[in-house]
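So you can see what is in the structure, the chains are spelled out below.
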Amino acid sequence: MIQLPARYDHVGSFLRPKYLLEAREQKAKGEITPQQLRAVEDKAITEIVKFQESIGLKSITDGEFRRTYFHLDFLEQLGGVKTDIPVTVKKPDGTEELAPPVIRVTGKVRHAKDIQKADFEYLKSQLSAGHTPKVTIPSPTMLHFRGGRAGISREAYPELEPAFYDDVAKAYGDELRSLYDAGARYVQMDDTNLAYLCDEKMREAARQRGDDPNELPHRYAKFINKVVAQKPEGMLLAMHLCRGNFKSTFAAQGNYEPVAEALLKEMDIDAYFMEYDDDRSGDFRPLRYLPKGKMVVLGLVTTKFGQLEKKDDLKRRIDEAAKHAPLEQLALSPQCGFSSTVHGNLIAVDDQRRKLELVVQTAREVWGD
């Protein structure tokens, strides 16, 4: 079993500093060069690394400071993939929601270039001893779920099985090997789709696209396992499940039960980051499927709002989870990143620190790490 760096962790993204957002705007207007923007990103990443280390975190990310969206910036660099920038829509209750972006497979999927290697190398160069750099990338299921069969070129893939899934897995395997060669040992795949399949509205949308929501979790488990089979030995591969996090909103809700067996028993992932910050995530009973040798990181602390959880409440909920999965196979984190897109959540910078300090303190008291 490959161990997490600590019993306390985090999903990876952080609020972008104002000067970085301003530099992005300048780049979009052609006022600065890509190289000048990267220099600003470097500065911001150096600062966010020091921020994470000062809290006591052991796994350190670059805050996703070089990205606009947690998934599109990566996926569009794969050969054979096209993405459309999503738009903000207002829901009937006046809240905002990010309309799902269009992700299209227009040709044979391939690893056209190293996507994260240079970014990882800079992150690694900024870390102090005793810390583990973590790379976050979108789950390969993102290339199928949003559009289904209609979103994948029939010319490139007359049949999805096995060519499409094999090609995507090979592309991901090439990227994981590239990262491993650069020194990466901890990679997290961010997946909304399995969490969406817990929501009846999303399940019906899948049916409308011609997919069976009861079959999809098992198909995705086999899909992920094709990627895992190419993972270099000694690399920790984790998955974060998310129900939506754009500007502190959510897109789906529902207990993990519809996907739990495929997710925890059938998928060969080392660790799972599972959202459990409010009632829409359901109870902990799905954790009964967790086999020996795997970890679940409980996302009990919300990143959507600044109100700080109570330590005793977190401990009580950890005790509840431990009734369904061994305590030694559990850990603690916030439920999601603080800024899955460049827009950020409705939370203050100081709240990031308070939330993460609470996670570290609580986990140390529970597990003694």
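Our structure is the block above this text.
These numbers were taken from a predicted model, which means no experiment stands behind them. (Residues numbered from 1 in each chain as written. Predicted model: local features only at pLDDT ≥ 70, side-chain atom pairs only at ≥ 80, totals over all residues. Heavy atoms only, no water.)

### Details of the packing of aromatic side chains
Per the stated rule, a full pass over the model turns up nine aromatic pairs. Centre to centre, the rings of Phe 14 and Phe 51 are 5.8 Å apart; their planes meet at 80°, and the pair counts as edge-to-face. Linking Phe 14 in the segment before helix H1 (18–28) with Phe 51 in helix H2 (residues 34–55), this pair joins segments that are 37 residues apart in sequence. Assigned by exposure class, Phe 14 and Phe 51 land together as buried. Ring geometry for Tyr 165 against Phe 223: centres 4.8 Å apart, planes inclined by 75°, an arrangement best described as edge-to-face. Note that Tyr 165 is positioned in helix H6 (residues 163–181) and Phe 223 in helix H9 (residues 216–228), a separation of 58 residues in sequence. Sitting over the ring of Tyr 19, Lys 43 keeps its end group 4.0 Å from the ring centre. Over the ring of Tyr 180 we find Arg 185; its NZ or CZ atom is 3.6 Å from the centre of that ring. (Phe/Tyr/Trp six-rings, centres within 6.5 Å; stacked < 30°, edge-to-face > 60°. Helix = DSSP H or I, 4+ residues; strand = E, 2+ residues; numbered from the N terminus. Buried < 20%, exposed > 50% of the residue type's maximum accessible area, 1.4 Å probe, protein only. Lys NZ or Arg CZ within 6 Å of the ring centre and 35° of its normal.)

### Points about the state of the cysteines
Across all of its chains, the model carries zero disulfides by this definition. Looking at the unpaired Cys 242, the closest cysteine sulfur is the one in Cys 336, lying at 3.8 Å. A relative accessible area of 3% places Cys 336 in the buried class. (Disulfide = S-S within 2.5 Å.)

### Concerning empty space enclosed by the protein
If a probe as big as a water molecule is rolled over the atoms, it shows which places are left empty. Tallied over the entire structure, the rule returns one cavity of 30 Å³ or more. What lines the largest cavity is simply Thr 61, Asp 62, Glu 64, Arg 66, Arg 67, Gln 116, Asp 119, Phe 120, Leu 123, Lys 134, Val 135 and Thr 136. Sorting the residues of the lining of the largest cavity by element identifies helix H4 (117–126) and strand S7 (135–138) as the ones contributing at least two each. For the lining of the largest cavity, the element with the most residues is H4, which contributes three residues. Here the lining of the largest cavity is built from residues that sort into three nonpolar, three polar and six charged. (1 Å grid on protein atoms, 1.4 Å probe; cavity = no way out; pocket = protein on both sides within 12 Å on 5 of 7 lines; lining within 4 Å. Points joined across faces, edges and corners; volume = space filled by probe spheres on them. Nonpolar A, V, L, I, M, F, W, Y, C, P; charged D, E, K, R; others polar.)

### Here we look at the pattern of salt bridges
Going through the model one piece at a time under the given rule, you end up with 24 salt bridges. Between Glu 200 and Arg 203 there is a salt bridge, with its nearest N and O atoms 3.7 Å apart. Remark: Arg 203 and Glu 200 occur in helix H8 (residues 200–208); sequence separation between them is three residues, near one turn of the helix. The partner of Glu 357 in a salt bridge is Arg 353, and the shortest N-O contact between them spans 3.5 Å. Of this pair, Glu 357 and Arg 353 are both found in helix H12 (residues 349–367), four residues apart, which corresponds to roughly one turn of the helix. (Salt bridge = Lys/Arg side-chain N within 4 Å of Asp/Glu carboxyl O.)

### Details of the layout of surface pockets
Roughly 390 Å³ of internal volume is contained in the second largest pocket. Lining of the second largest pocket is provided by 18 residues; of these, Arg 38, Glu 41, Arg 66, Asp 73 and Gln 77 occupy positions nearest its centre. Mapped by element, the contributors of at least two residues to the lining of the second largest pocket are H1, H2 and helix H3 (72–75). Counting residues per element, the lining of the second largest pocket draws most heavily on H2, which supplies four residues. Here the lining of the second largest pocket is composed, by residue class, of four nonpolar, three polar and 11 charged.

### Digging into the pairing of strand S8 (residues 186–191)
Counting buried residues in S8 gives six out of six residues, a clear majority hidden from the surface. Burial along S8 is two-sided: the face carrying Tyr 186, Gln 188 and Asp 190 and the face carrying Val 187, Met 189 and Asp 191 are both buried. One ladder, built from four bridges, connects S7 with S8; its direction is parallel. Residue Ile 137 lies in a different strand from S8, and its bridge partner there is Met 189. (Pairing = 2+ DSSP bridges.)

### Some thoughts on the packing of H9 against helix H10 (residues 257–266)
Axis separation between H9 and H10 bottoms out at 9 Å; the angle between their running directions is 20°. Classified by the angle their axes make, H9 and H10 are roughly parallel. The interaxial crossing formed by H9 with H10 has right-handed handedness. Residues Pro 217, His 218, Ala 221 and Asn 225 of H9 form the contact with H10, whose own contacting residues are Pro 258, Val 259, Ala 262 and Glu 266. Within the contact of H9 with H10, the residues separate by chemical class into five nonpolar, two polar and one charged. (Axes fitted to C-alpha atoms, helices over the stretch in contact; angles between N-to-C directions. Parallel < 35°, antiparallel > 145°, perpendicular 65-115°, else oblique. Left-handed = near helix turned anticlockwise from the far one by under 90°. Contact = heavy atoms within 4.5 Å.)

### A short note on the sheet that holds strand S11 (residues 295–301)
Ordered by their spatial adjacency, six strands build an open sheet running S7-S8-S9-S10-S11-S12, and the pairing between neighbours is parallel. On the outer flanks of this sheet lie S7 and strand S12 (330–334), each paired with one strand and no other. Between one strand axis and the next, the sheet turns by 25° as a mean value, whatever way the strands run. Set on the sheet, helix H11 (residues 311–321) makes contact with S11 and S12; between it and S11 the angle comes to about 145°.

### Things to note about H6
Under the 1.5 Å per step criterion, the end-to-end length of H6 is 27 Å for 19 residues, consistent within 8% with the ideal 27 Å. Among the residues making up H6, those that are buried are Phe 164, Tyr 165, Val 168, Ala 169, Ala 171, Tyr 172, Gly 173, Glu 175, Leu 176, Ser 178 and Leu 179. Taken from the residues just after H6, Gly 183 is the one with a positive phi, measuring 110°. (Expected span 1.5 Å × (residues − 1).)

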